[in-house]
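For reference, the chains in residue letters:
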Amino acid sequence: MKYKSLLFFTLFLTYYDANAQNRGKGLEEKVRNLKDMTVKYSMISLNLNRFKEYVRSPPRDYSFVVMFTAMAPSRKCAICQHVYDEYTIVANSFRFSSAYSDKLFFGIVDFDEGSDIFQMLRLNTAPVIMHFPAKGKPKPADSMDFERAGIHAEAIAKWIQDRTDVQIRIFRPPNYSGVAVFLVLFIFIAIFLYVRRNNLEFLYNKQMWAIIAVFICFAMVSGQMWNQIRGPPFFHRTKNGPVYINGGSHGQFVLESYIVAMLNCAVVVGMILMIEAAGGVNGKDVRAQEGKRRRFYSVVGLVLVCVFFSLLLSVFRAKTQGYPYSFLFK
């Protein structure tokens, strides 16, 4: 009996050691294949077989971030292309950075090529970015919330860092369109000044420069420079309809910046009307003005400031959770 137990124990250790070696060889082979697939492209195109083998099946000691999208024009996914571009920037930044390792891989699944994967995961919308951890099943937090976090590359990298502890520094490819526009504008202004070289009195028009300065302030305060740097989408389409205000405090849409600019403009117009009703910046004699005009300016200006400043606070409350202040609108 003693020898049978010893023989059984020896056979068990032999089987366990052989199984462990096979698992080790299988893991090494999977990692080697994944690294080979990322030599030319930082993202791995996944079909059903690849998804089951490399993303779902053990052994795995690496995390997988997968974007599920629908890029075909027939799918009419307006935001898919923009999210794909930002996701590609994140994958390329990781692939060619010093933080690159074989503990994190990026994949992509297109609906027309992997509809079975969509059905397996019960996905009925796109785009979706999911994190598949090295151990265990994905949790609700492993699906990125675009409305809350944003869809630009920096937001995706921050979300990946929260899920994997891998910090990715974003490197965007150079964009020369801004330089080209600046050169064209500079040439146009130079030609215009050359043509009007004998009549440059308009350059001393204080009202013209004041209007230009105010419009520049509206553009900067509303986030137009941020739009040029980050390149956000115009707005976001969801299954519940279009979204014009980004719900996160670290992102915005192009249309949202236009809305904020118009609200600021309305508040400024209201302030100017109230100042004019009080005599203007030069301290005019308010008694010399017509009473009806003064009342009209003061009432309209007060309404504009109260209504549109309250709308500005509402936008800020929508983007900043827990902001306690409001005026007319909640």
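The model shown is predicted, which means the values in this text are computed figures rather than measured ones. (Residues numbered from 1 in each chain as written. Predicted model: local features only at pLDDT ≥ 70, side-chain atom pairs only at ≥ 80, totals over all residues. Heavy atoms only, no water.)

## Concerning the overall build of the chain
Across its full length, the chain holds 11 helices and six strands. When each of the 330 residues of the chain is scored for burial, the buried share is 33%. Across the chain, contacts joining residues at least 24 apart in sequence account for 64% of those joining residues at least 6 apart. When the accessible surface of the chain is summed, it comes to about 21,900 Å², and 61% of that surface belongs to carbon and sulfur atoms. (Helix = DSSP H or I, 4+ residues; strand = E, 2+ residues; numbered from the N terminus. Buried < 20%, exposed > 50% of the residue type's maximum accessible area, 1.4 Å probe, protein only. Contact = heavy atoms within 4.5 Å. Areas by Shrake-Rupley, 256 points an atom, 1.4 Å probe, with all protein chains shown as cover.)

## Some points on the pattern of salt bridges
Within the structure shown, the criterion is met by three salt bridges. Of the charged contacts in the structure, one is a salt bridge between aspartate 142 and arginine 163, with a shortest N-O distance of 3.0 Å. Of this pair, aspartate 142 sits in the loop between strand S4 (128–132) and helix H5 (146–149) while arginine 163 sits in helix H6 (residues 153–164), and the two are 21 residues apart along the sequence. Residue classification places aspartate 142 among the buried positions, given a relative accessible area of 3%. (Salt bridge = Lys/Arg side-chain N within 4 Å of Asp/Glu carboxyl O.)

## Here we look at the packing of aromatic side chains
Aromatic rings in a pair are described by how distant their centres are and how their planes are angled relative to each other. Per the stated rule, a full pass over the model turns up 12 aromatic pairs. Plain terms: the ring middles of phenylalanine 215 and phenylalanine 218 are 6.3 Å apart, the flat faces sit at 85 degrees to each other, and that makes the pair edge-to-face. Separated by three residues within a single helix, phenylalanine 215 and phenylalanine 218 lie in helix H8 (residues 206–222), roughly one turn from each other. By relative accessible area, which is 13% here, phenylalanine 218 ends up buried. Here phenylalanine 296 and tyrosine 297 contribute two aromatic rings whose centre-to-centre distance is 6.2 Å and whose plane-to-plane angle is 50 degrees, an arrangement assigned as tilted. Phenylalanine 296 gets classed as exposed once you look at its relative accessible area, which sits at 54%. A network of ring pairs unites the aromatic residues Phe51, Phe68, Phe111, Phe118 and Phe132 as a single cluster. Between the NZ or CZ atom of arginine 60 and the centre of the ring of tyrosine 62, over which it lies, the distance is 5.8 Å. (Phe/Tyr/Trp six-rings, centres within 6.5 Å; stacked < 30°, edge-to-face > 60°. Lys NZ or Arg CZ within 6 Å of the ring centre and 35° of its normal.)

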